[in-house]
Amino acid sequence: MASVTSLSDSVHQRLAAALSAALPQAGSADPLLRRSDRADFQANGILALAKKEKANPRELATQVVSRVESGELIKDVEVSGPGFLNITITDRAITETLAARFADDTGRLGVPQAQQPGTTVIDYAQPNVAKEMHVGHLRSAVIGDSVMRLLEFTGENVVRRHHIGDWGTQFGMLIQYLEEHPHELDHDADEVSGEEAMSNLDRLYKAARKLFDADEEFKTRARRRVVDLQAGDPQTLAMWQKFVDESKIYFFSVFEKLDMEIRDADIVGESGYNDMLAETCRLLEESGVAVRSEGALCVFFDDIKGPDGNPVPLIVQKSDGGYGYAATDLSAIRDRVFAIKANTLLYVVDARQSLHFKMVFETARRAGWLNEDVEAVQLAFGTVLGKDGKPFKTREGETVRLVDLLDEAIDRASAVVREKAQDLSEEEIAERGTQVGIGAVKYADLSTSANRDYKFDLDQMVSLNGDTSVYLQYAYARIQSILRKAGASRPVAHPELELHEAERALGLHADSFAATVAEAATEYAPHKMTAYLYQLASLFTTFYDKCPVIKPEPPKDVAENRLFLCEVTARTLHQGMALLGIRTPERL
Ligand SMILES: NC(=[NH2+])NCCC[C@H](N)C(=O)O
């Protein structure tokens with residue numbers, strides 16, 4: 001086991017032991033430790049405890065101090081204010097703990113893995129077949145990818161589900177059109193690029209729509225097609241499959257551009273639950289969770305109201321017998337709970353669908369599919385806004401195509417890279433430009449908490465000064481360049497050395513990576529990781545200003561220890577960025 005106990009956990013253990021020695025009736029009370037500017041850590045738990053036990057807080061604090069076993073870890077504990085404890089740890093402990101992280105040959109920096117992991121199904125990156133991907137699909141993909149990586153890193157079993165929109169009435173129209181105009185999608189899948197695939201679909205969709213609106217007889221034939229499709233008519237299904245395949249070519253090209261691994265086996269669209277829909281309705285109706293109302297099968301809620309303040313029912317089956325979005329999601333819940341045996345169902349979906357999920361989850365709870373052992377959570381994200389603060393649209397008022405946006409980000413980033421580049425070839429500039437551009441888009445999306453709206457501002461995203469991915473990528477590349485310039489000197493930890501203030505601050509922060517991973521994963525909050533990394537890079541800058549690594553040349557052991565701090569910082573940056581799905585090029 002390469003897992004390393006963090007400094008904060010070690011201090012916490014010592015304090016908790018001292019606390020229960022000083023006040024046995026307190027049991028395993030929490031000393032409430034946090035990082036502090038005054039000392040390394042501050043414990044605030046004694047105040048509340050003293051109040052509860054009717055003791056004098058300062059006296060209790062003094063007693064705790066006298067019982068703290070300091071050893072090699074704690075340099076100093078003192079009582080401050082009404083009964084806080086300020087704790088300073090030894091330089092040796094900082095260097096030794098980081099050295100243990102450094103020595104973890106799994107590359108995980110000593111971050112522990114869950115001993116009894118649960119299973120989470122994460123529903124993210126779910127575009128719609130035969131439709132262009134827009135900036136809303138970006139958020140689900142980017143946030144979902146990072147949360148998925150964070151959870152996997154903590155040891156959780158993660159099952160990915162891309163619930164694509166591949167079922168429903170519009171397919172009747174498309175399929176009927178394709179039947180009447182065969183050969184429109186006749187080609188080998190690998191002959192077609194993503195762009196072409198999308199323009200094929202777009203052309204077909206527009207033509208079908210035109211006919212549908214103009215020709216009553218076509219409309220009737222199209223409607224009949226939907227029925228054939230849902231009944232599983234083989235020829236209809238074969239044509240539907242063409243649309244799905246063509247769309248997947250396009251999706252995969254966009255996900256590749258996003259530098260995101262999406263596996264075909266994890267794409268289980270709405271159609272994948274078709275066989276379960278009737279059974280789902282039967283179960284809901286028999287248990288009385290859903291009732292017939294004007295022919296439709298509905299679930300009613302007293303406390304769930306629509307935007308107009310009136311109670312809204314969840315319609316599971318329409319009066320014409322058709323199944324909608326809710327029936328599919330309820331069936332997917334049954335699949336995820338009973339077949340996959342998940343403990344957590346996580347949905348990374350736009351906040352505008354929150355009402356839908358609230359009703360779907362409540363229905364599943366009433367049906368007993370969700371309970372104390374299996375919970376469902378929507379990680380609802382806000383809207384992407386333009387610079388004007390309104391939902392992001394083109395000048396003509398149309399939704400912005402995701403690919404265009406990504407290409408523009410790559411162009412801007414390439415310009416930044418070119419300007420800074422000293423010895424990069426055109427090919428390298430293109431490669432780095434892509435990594436920087438895509439990183440910029442992802443980082444901007446991840447660095448605000450998901451539920452908030454954010455402004456899509458490319459100028460800000462590729463800025464070198466500020467809380468951006470480029471800033472972090474440069475910090476990483478700079479450390480790599482320092483390590484190359486160090487020549488014969490190697491990074492070696494020297495726990496016997498006294499540390500500079502800036503070295504301590506950097507070291508303590510680097511050690512708290514594990515806690516940040518745990519927090520970001522359990523709270524589904526990648527923005528905690530971005531904030532952590534930004535601070536790490538800032539602390540590194542201060543360290544590098546104050547503590548010469550190469551010039552003026554410090555004594556050998558000091559140089560080695562500083563190079564060691566550089567390397568630990570670089571690895572932490574690299575791993576942290578990887579958990580966000582962002583590359584860290586060795587040179588920029
Ligand atoms: N299980 C789900 N309903 N997931 C979300 C699907 C998102 C849907 N395809 C959309 O584009 O809006």
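A quick note: this is a predicted structure, and the numbers were derived from the prediction, not measured. (Residues numbered from 1 in each chain as written. Predicted model: local features only at pLDDT ≥ 70, side-chain atom pairs only at ≥ 80, totals over all residues.)

## Quick look at the overall build of the protein chain
Step number 1: For the protein chain, the helix and strand inventory stands at 20 helices and 13 strands.
Step number 2: When its C-alpha atoms are laid out on the principal axes, the protein chain stretches across 85 × 65 × 45 Å.
Step number 3: A burial count over the protein chain gives 42% of its 588 residues as buried.
Step number 4: Taking contacts inside the protein chain between residues at least 6 apart in sequence as the whole, the part at least 24 apart equals 73%. (Helix = DSSP H or I, 4+ residues; strand = E, 2+ residues; numbered from the N terminus. Buried ≥ 20, exposed ≤ 12 C-beta atoms within 10 Å, placed from the backbone. Contact = placed C-beta atoms within 7 Å.)

## Considerations on the UniProt feature "short sequence motif: 'HIGH' region" (unreviewed entry) in the protein chain
Step number 1: The sites that UniProt annotates as "short sequence motif: 'HIGH' region" (unreviewed entry) are residues 127–137.
Step number 2: Measuring from the first to the last C-alpha atom of residues 127–137 gives 6 Å, for a span that is 27% helix and 0% strand. (UniProt positions renumbered as here; feature names shortened; annotations may be inferred.)

## Some words on the domain arrangement of the protein chain
Step number 1: When cut into domains, the protein chain gives domain 1 (7–89) and domain 2 (464–588).
Step number 2: Each of domain 1 and domain 2 has a C-alpha centre, and the two are 30 Å apart. (Domains from an automatic or database assignment.)

## Here we look at the sheet that holds strand 10 (residues 344–350)
Step number 1: With respect to topology, 4 strands assemble into an open sheet ordered 6-5-10-11, the strand pairing being parallel. Edge positions in the sheet fall to strand 6 (157–161) and strand 11 (375–381), since each of these pairs with one other strand and no more. Within the sheet, the average angular offset between the axes of one strand and its neighbour, ignoring direction, is 20°.
Step number 2: Summarising the sheet, strand 10 and strand 11 pair through 7 bridges and their orientation is parallel. Counted as the bridge partner of V349 is A380 from strand 11. (Pairing = 2+ DSSP bridges. Axes fitted to C-alpha atoms, helices over the stretch in contact; angles between N-to-C directions.)

## So, the site of the ligand
Step number 1: Looking at the ligand, the residues that line it are D123, Q126, N128, H163, G165, D329, A332, Y347 and V349.
Step number 2: In the shell around the ligand, the residues fall into 3 nonpolar, 4 polar and 2 charged. (Near = placed C-beta within 6 Å. Nonpolar A, V, L, I, M, F, W, Y, C, P; charged D, E, K, R; others polar.)

## A look at the environment of A18
Step number 1: Residue position: A18 is located in helix 1 (residues 7–22).
Step number 2: Residue classification places A18 among the buried positions, given that 22 C-beta atoms sit within 10 Å.
Step number 3: Look past the residues within four positions of A18 in its chain and what remains in contact with it is V64, R67 and V68.

## Quick look at the packing of helix 19 (residues 526–546) against helix 20 (residues 556–579)
Step number 1: Look at helix 19 against helix 20: their axes get within 10 Å of each other, and the N-to-C directions meet at 160°. By the angle class used here, helix 19 and helix 20 are roughly antiparallel. Once helix 19 is placed against helix 20, the crossing between them reads as left-handed. Contacts between helix 19 and helix 20 involve M529, Y532, L533, L536, A537, F540 and F543 from the first element and L565, T569, T572, L573, G576, M577 and L579 from the second. (Parallel < 35°, antiparallel > 145°, perpendicular 65-115°, else oblique. Left-handed = near helix turned anticlockwise from the far one by under 90°.)

## Quick notes on the sheet that holds strand 8 (residues 296–299)
Step number 1: Read from one edge of the open sheet, 3 strands run 7-8-9, paired in antiparallel fashion. With one partner strand each, in any of the chains shown, strand 7 (291–293) and strand 9 (314–317) form the two edges of the open sheet. Looking at each pair of strands side by side, their axes are set apart by 50° on average, direction ignored.
Step number 2: With 3 bridges joining them, strand 8 and strand 9 adopt antiparallel strand pairing. Each bridged residue has a counterpart across the sheet, and for L297 the counterpart in strand 9 is Q317.

## What about the environment of V374?
Step number 1: Mapping V374 onto the fold places it in the loop between helix 12 (354–366) and strand 11.
Step number 2: Judged by local crowding, V374 falls into the buried class, with 20 C-beta atoms found within 10 Å.
Step number 3: In sequence terms V374 and N343 are 31 residues apart; their C-alpha atoms lie 4.5 Å from each other.

## Regarding the UniProt feature "domain: DALR anticodon binding" (unreviewed entry) in the protein chain
Step number 1: As annotated in UniProt, the feature "domain: DALR anticodon binding" (unreviewed entry) corresponds to residues 472–588 in the numbering used here.
Step number 2: Secondary structure across residues 472–588 divides into 68% helix and 0% strand, with the first and last C-alpha atoms of the span separated by 11 Å.

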